[in-house]
Structures are given as C-alpha cells and as structure tokens.
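Next come the chains, spelled out residue by residue.
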Amino acid sequence: MGSTLDTLVPAAIEKELASPKVTGITIAVGADNRIAYAAGFGTANAETGTAVTPETQMRVGSISKVFTAALLGKLYEDGKLDLDAQVSNYVPDFEGKEWPVSLRQIGAHMAGIRHYKGDEFLNTHHFESVNEGIQMFVHDPLVFEPGTKVSYSSHAWNLLSAALEGASGEEFLPMMQERVFTPLEMRDTAAEDATHEFPALSAFHVNEDDKPVIAPFVDNSYKWAGGGFIATASDIVRFGLAHTEPGFLKKETLDLLFTEQFTKAGSPAGFGIGWMTASNMHARLIRSGLADYTRVVHEHLVWHSGGSMGGVALLLVDPEHDVAIALMANHGESFPALLRIGVYALGIALSEK
C-alpha cells in the first residue's frame, strides 16, 4: 500500500497547494493496525517559510469531539455515567432548563444547546477550568426541545466534558491523557494551552488580499472537548485505528458510539455519539460536487471534520476494512482540499486491501 500512496497522494496534494487557500497539509494513512504512510507538504508558517513535516502539530478542531467520545466510552464501560440521565445530575450549573437534556442527545447534537455566537470563536481570554469555560453559555435557554431536531453545537460538547468531570470526580484533561492519549501512544497530542509553547506547532493562516497571512490569536481553553486539541496526523490515525476493532473499547461501546441516532420524529441525525455517519458523508460529498466519490463510502464508515481559527482537519475511519486516514491543514479555507484528498486516499487504501 505504501508505494501506491507515495506515488499518488503527493501529486494530489501538490495540486491543491497551488491554491492561495492551501498553505500546508499533513496526512497519515493507517491500515491493519499500522501507519502505512505519513507526510507533510507545503509551509508551516507563511512568514518564515518553515516546511510542514509528519511531526508538525496542527489544530484538530472538532475532531476533539471524538477524542472526548472515547473518554465517554471509557467512563460508560466503568459504569460511572448514565447516558440517559439529565445532564444537570452531573453539572449543577445546568439546572432549570425548559426541558431535560441527556448526554445521549448531546452526542448527536440534538440537545438544544446553542453553538457559538458573537465573537466567541475569536476568544482570547484564558479559562482555568472546564467549569469556568462553560459559563460562556451554560445559563442560556435551550434553543429547541431536545430530541426534536439536529443543530450542531460545540458548546454542547464543552458541557459534556463538565458532565464527565461530575460523573468521575476527576478533571477532564488529566483523564484524557491517562485514559485516551497515553494508552493509544498519542505522544504528540495535547490541549492547545496558550500559556505554553509547542515548538512543533504550525502557524495558522487566513486569506488577506488573496494571500495567506497569520491568523488572529485565539485562546481555546473554553472548548477543549469541543475543539481545543492539537496533534500530528499520525496520532489521529493511531486513535482512528483503535476504533476499527474491539480492544481499546469494547464492541458494545463501539456500537454505541457509531450507531446513528434519530430525532423523536424518526429523522436520522447523521451522528452517533460524537461520530458522524456514512450517510452524513454521502450528503457532504454530494453537496461538494464529489458524488463520484460516494462509491468509496461504505455504510460502516465513521468520520469527523474539524474547523478552528486558521485550520481545518478530517478523520475518516473504515472499521470493516481497518483503515484510518487523517489530514490537517493550517489555513482556515482548506477544507474542500482535505475532503478531495481524503476520499481519494481512502479509495487508494481500500483498493489495496
């Protein structure tokens, strides 16, 4: 598999790098419990010209949600939480809502919790704890009755991390390290703490006058679970491969995370718990003019995308064929390129199985 990927993937990525909306890309492909291919392309910093390498860390964005779902799975297996209990049982600050909200509903973005508003995405304030971070939204009313519709919310997942703390009596970030990152040998994955330096971390970019420039500073300490982690592509693939078969998590837990949920009216949510489903990817490809690629999206595919200030990410996991693909880019408008490369690389990987 490696030789085919070595030949075809670089050509596809170099083509995308011709766009001013693509500055640097890092990719890894895993199959049969090993990393078959990892590479970096383009520029990590438009001002210095530093090159992207396989060791370059980038923002994973909302892939943080499936990292968090793995911790939820671990606590669920330990019997420490009830997915259908009210969130307020674990987070007292969330009491007094119009309707009850469950962790299961949060997992599929059906909880009625709002997404970002105003300049929250541009936050520069540093929060010292998960509980401090959720004060940004926790007292706001629900925007719809839970279970009646799907509306994507990163704040919902920040609330979920507070619930995991309440259920376990432990802090979220140490649990992530102990229960997820260390067991899966994700040595280059961390919360992007703005008070620390990360020498391997890419700069992030936005467009200005059709040229990439350094993106505004943000502090993501209010949303570790919703979108605050950094990693290498290889670490994300290690995480993905750990979900292709029972081991790290039990089969029943994987089924729980991957099985698509439905609204009260019976409409598919496009999400299990955290993970996006194959039907969701089919719709995304069609909307993106990539209908021809739906042929490589098997019904068991699970995935997640990520968007953060100046960066985007994509994780594809095919459990039936034991394949995981991770891509990140350090420009906020690069996601169409990642989607094209990702499904192309998935097709190559599956053809080699």
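No experiment lies behind these values; they were computed from the predicted model shown.

Q: Residues and numbers for the nonpolar core, please.
A: Core analysis: the biggest nonpolar cluster contains 78 residues, and Phe67, Ile106, Leu159 and Phe239 have the highest contact counts within it. The element contributing the most residues to this core is helix α5 (residues 154–168), with eight residues. Val9, Ala31, Phe41 and Phe271 belong to the second largest nonpolar core, which has 43 residues in total.

Q: Please set out the sheet that holds strand β2 (residues 34–42) residue by residue, giving values where relevant.
A: Either a parallel or an antiparallel arrangement is found when strands of a sheet pair, and the pairing is made through backbone hydrogen bonds. Strands sit in the order β2-β1-β10-β9-β8 across an open sheet of five strands; the sheet is antiparallel. Edge positions in the sheet fall to β2 and β8 (302–308), since each of these pairs with one other strand and no more. On average, adjacent strands in this sheet sit at an angle of 5 degrees to one another, irrespective of strand direction. Note: strand β1 (residues 24–31) against β2, eight bridges, orientation antiparallel. Following the sheet pairing, Ile27 is matched in β2 by Ala39.

Q: Account for the pattern of salt bridges, naming residues and giving values.
A: Side-chain pairs of opposite charge can arise whenever the charged atoms involved come near each other. The tally for this structure, following the rule as stated, stands at 12 salt bridges. Its salt-bridge partner being Lys21, residue Glu333 comes within 3.4 Å of it at the nearest N-O pair. Pair noted here: Glu333 is in the loop between β10 (323–329) and α11 (335–351) and Lys21 is in the loop between α1 (2–16) and β1, with a separation of 312 residues, a long-range link. Overall, the relative accessible area of 36% leaves Lys21 in the partly exposed class. In this structure, Glu192 and Arg59 form a salt bridge, with 2.8 Å as the shortest nitrogen-oxygen distance. Taken together, the residues Glu192 in the loop between β4 (190–191) and β5 (205–208) and Arg59 in strand β3 (residues 58–59) connect sequence positions 133 residues apart.

Q: Give a detailed account of the side chain of Arg59, specifying residues and quantitative values.
A: You can call Arg59 buried: its relative accessible area is 8%. Side chain to side chain, Arg59 and Glu192 meet in a polar contact 2.8 Å long. In terms of polar contacts, Arg59 uses its side chain to reach the backbone carbonyl oxygen of Met309, at 2.5 Å.

Q: I'd love a proper account of the pairing of strand β6 (residues 211–214), names of residues and values included.
A: Relative to β6, β5 runs antiparallel, the two sharing four bridges. Residue pairing across strands places Asn207 opposite Pro212, the latter belonging to β6. The hairpin turn running from β5 into β6, its antiparallel successor, is two residues long, and Asp209 in that turn takes a positive phi close to 55 degrees.

Q: Run through the pairing of β1, naming residues and quoting values.
A: Side-chain positions along a regular strand alternate between the two faces of the sheet. Extensive coverage of β1 is indicated by the burial of eight of its eight residues. Note: β1 against β10, seven bridges, orientation antiparallel. In the strand pairing of β10, Ala31 is matched with Val323.

Q: Describe unusual backbone geometry, with residues and values.
A: Backbone geometry places Asp32, a non-glycine residue, at a positive phi of 55 degrees. Position of Asp32 among the secondary structure elements: in the loop between β1 and β2. By relative accessible area, Asp32 is classed as partly exposed at 48%.

Q: A description of the packing of aromatic side chains should follow, citing residues and the corresponding values.
A: Ring pairs (aromatic) are described by centroid distance and by the angle formed between their planes. Throughout the structure, instances matching the rule amount to 11 aromatic pairs. Measuring from centroid to centroid gives 6.4 Å for Tyr116 and Tyr222, while their planes differ by 70 degrees, and the two rings are edge-to-face. One end of the pair, Tyr116, is in the loop between α3 (103–107) and α4 (130–134); the other, Tyr222, is in the loop between β6 and α7 (224–227), and 106 residues separate them in sequence. Judged by its relative accessible area of 22%, Tyr116 is partly exposed. Both rings, one in Tyr152 and one in Phe271, keep their centres 6.2 Å apart while their planes meet at 40 degrees; by these two values the pair is tilted. With Tyr152 in the loop between α4 and α5 and Phe271 in the loop between α9 (251–258) and α10 (278–287), this pair connects stretches of sequence that are 119 residues apart. Looking at Phe271, the relative accessible area reads 5%, which means it is buried. Grouping aromatic residues by their ring pairs yields a cluster made of Phe67, Phe172, Phe181, Phe229, Phe239, Phe258 and Trp275. Cation over ring: Lys74 sits above Phe248, and NZ or CZ is 4.4 Å from the ring centre.

The rules behind these values
- Residues numbered from 1 in each chain as written.
- Predicted model: local features only at pLDDT ≥ 70, side-chain atom pairs only at ≥ 80, totals over all residues.
- Heavy atoms only, no water.
- Core = buried A, V, L, I, M, F, W, Y, C linked by side-chain atoms within 4.5 Å.
- Buried < 20%, exposed > 50% of the residue type's maximum accessible area, 1.4 Å probe, protein only.
- Helix = DSSP H or I, 4+ residues; strand = E, 2+ residues; numbered from the N terminus.
- Pairing = 2+ DSSP bridges.
- Axes fitted to C-alpha atoms, helices over the stretch in contact; angles between N-to-C directions.
- Salt bridge = Lys/Arg side-chain N within 4 Å of Asp/Glu carboxyl O.
- Polar contact = N/O pair within 3.5 Å; in protein donor to acceptor, adjacent residues only side chain to side chain.
- Phe/Tyr/Trp six-rings, centres within 6.5 Å; stacked < 30°, edge-to-face > 60°.
- Lys NZ or Arg CZ within 6 Å of the ring centre and 35° of its normal.

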